[in-house]
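# Fold and contact review
Here is what each chain is made of, one letter per residue.
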2 protein chains.
Amino acid sequence: MTLKRRKNRTPHPMCPLSDCMAFIGGAWTPNIIWYLSSGPRRFSELRADIPLVSAKVLTQRLRELEERGILSRAVLDTSPPSVEYALTDLGLEFMPVIQAIAEVGQRLKDKAAAAA
Amino acid sequence: MTLKRRKNRTPHPMCPLSDCMAFIGGAWTPNIIWYLSSGPRRFSELRADIPLVSAKVLTQRLRELEERGILSRAVLDTSPPSVEYALTDLGLEFMPVIQAIAEVGQRLKDKAAAAA
DNA sequence: GGGCGTGGTTACCGGCGAGATACTTCATTC
DNA sequence: GAATGAAGTATCTCGCCGGTAACCACGCCC
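These numbers come from a predicted model, not from an experiment.

So, on to the overall build of chain A. In terms of regular secondary structure, chain A is built from six helices and three strands. Counting the 116 residues in chain A, one finds 47% classified as buried. Looking at chain A alone, contacts between residues at least 24 apart form 47% of all its contacts between residues at least 6 apart. Of the roughly 5700 Å² that chain A leaves accessible, carbon and sulfur atoms contribute 55%.

Counting residues at the interface gives 43 residues for chain B and 44 residues for chain A. Surface buried jointly by chain B and chain A totals about 3400 Å² across both partners, of which 71% is contributed by carbon and sulfur atoms. One can count six salt bridges joining chain B with chain A. The salt bridge involving Lys111 of chain B is made with Glu93 of chain A; its shortest N-O contact spans 2.6 Å. Remark: the boundary between chain B and chain A carries seven residue pairs in polar contact (both at pLDDT 80 or more). Going through the elements one at a time, α1 (16-24), α2 (29-36) and α6 (95-115) of chain B are the ones with two or more residues in the side of chain B that touches chain A. If you tally residues by element for the side of chain B that touches chain A, the top one is α6 of chain B, at 13 residues. Here the residues of the side of chain B that touches chain A sort into 29 nonpolar, seven polar and seven charged.

This part takes up the sheet that holds strand β3 (residues 82-87) of chain A. All names here are of chain A. Taken in spatial order, the three strands line up as β1-β3-β2 in an open sheet, and their pairing is antiparallel. Looking at the sheet topology across the chains shown, the edges are occupied by β1 (41-42) and β2 (71-76). Both β1 and β3 contribute to a ladder of two bridges, which runs antiparallel. Counted as the bridge partner of Arg41 is Tyr85 from β3. With respect to the sheet, helix α4 (residues 55-67) is in contact with β2 and β3, its orientation differing from that of β2 by roughly 115°.

Glancing now at the confidence of the model for chain A. Taken residue by residue, chain A gives an average pLDDT of 87. The fraction at 70 or more is 88%. Residue range residues 1-11 of chain A is modelled with pLDDT below 50. Its contacts to residues more than four positions away, or to other chains, number 39 contacts.

Our focus in this paragraph is the relation of the copies chain B and chain A. It takes a turn of 180° to lay chain B on chain A, together with a shift of 0.0 Å along the axis; the resulting RMSD is 0.1 Å. Here the symmetry operator amounts to a two-fold rotation axis. With an isologous cut-off of 70% or more, the 100% of interface residues of chain B that recur at the interface of chain A puts this contact in the isologous class.

So, on to unusual backbone geometry. Residues and elements named next belong to chain A. Backbone geometry at Trp28 places phi at a positive 75°, although glycine is not the residue there. For Trp28, the location among the structural elements is in the loop between α1 (16-24) and α2 (29-36). Residue Trp28 is classed as buried on the basis of its relative accessible area of 6%.

The next thing to look at is the packing of α1 of chain A against α2 of chain B. Think of two packed helices as two axes; the pair is described by the angle between the axes and how far apart they sit. Interhelical geometry of α1 of chain A versus α2 of chain B gives an angle of 155° and a closest axis separation of 9 Å. Here α2 of chain B runs roughly antiparallel to α1 of chain A, going by the angle between their axes. Crossing handedness for the pair α1 of chain A and α2 of chain B: right-handed. The segment α1 of chain A lies against α2 of chain B, with Leu17, Ser18 and Met21 of chain A engaging Pro30, Asn31 and Trp34 of chain B. Per-class residue counts for the contact of α1 of chain A with α2 of chain B are four nonpolar, two polar and no charged.

What counts and how
- Residues numbered from 1 in each chain as written.
- Chains lettered and ligands numbered in written order.
- Predicted model: local features only at pLDDT ≥ 70, side-chain atom pairs only at ≥ 80, totals over all residues.
- Heavy atoms only, no water.
- Helix = DSSP H or I, 4+ residues; strand = E, 2+ residues; numbered from the N terminus.
- Buried < 20%, exposed > 50% of the residue type's maximum accessible area, 1.4 Å probe, protein only.
- Contact = heavy atoms within 4.5 Å.
- Areas by Shrake-Rupley, 256 points an atom, 1.4 Å probe, with all protein chains shown as cover.
- Buried area = accessible area lost by both parts, 1.4 Å probe.
- Salt bridge = Lys/Arg side-chain N within 4 Å of Asp/Glu carboxyl O.
- Polar contact = N/O pair within 3.5 Å; in protein donor to acceptor, adjacent residues only side chain to side chain.
- Nonpolar A, V, L, I, M, F, W, Y, C, P; charged D, E, K, R; others polar.
- Pairing = 2+ DSSP bridges.
- Axes fitted to C-alpha atoms, helices over the stretch in contact; angles between N-to-C directions.
- pLDDT = per-residue confidence, 0-100.
- Least-squares fit on C-alpha atoms with pLDDT ≥ 70 in both.
- Parallel < 35°, antiparallel > 145°, perpendicular 65-115°, else oblique.
- Left-handed = near helix turned anticlockwise from the far one by under 90°.

Here it is in structure tokens:
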């Protein structure tokens, strides 16, 4: 799922699951959408939000997501120029998925904590 | 995201998003869970359900999911012996995510159709 | 005014996950 | 006796992803 129509990732053309995963399946994509859901953020803020992503991959993912219309990219003419990313309306469509992922992840964590 | 604790895929240890994606991020994983959600299915049925997945990857994914307790594997002594896979209770926990993915995928497809 | 830090991006290299295709084993069926 | 079907395994290749390093334009500091 990261495609130029991320060609090889969960293709299965007629399947809504695969269609959606083609957008959010790329590494770190859910995290990026999550952190942008509370408002626009700059590149370096996203790096701080998601410390384990490398700058290279973050750039790649942001470019892909922009290309697909999930987020917008605006260069601010500060110096040095910084770049602000924001979810588009299309990007907001994915929030139910991101939220479900976060909730299930939290529930699993709670269970693990309760079991320990 | 798909791991032996799929090591390099969305690690970010403290994040519920990454925790959940570590389970369902592997290629074809959402599809497998989706088709198992309506009841146990055999290997060859899953292959027919998801025609674009190769046998190798399907085997890998099923093994991983079994190892993590998301599904169970039962060898039936028919001849030739067949193998039946079924979601466990833990596996069922992921259904909200799978459903959200399917719904958003469907909505995107509807929009695309409406736009055309 | 030359070295240094900063924000964002790109180039190069290596590992491993994933796709494609072919082959295996055993028992039934024609 | 050949073909078929179930459930894989083997091999090869390709592309994503991670890490490191370099890049460019600007402002700072002594």
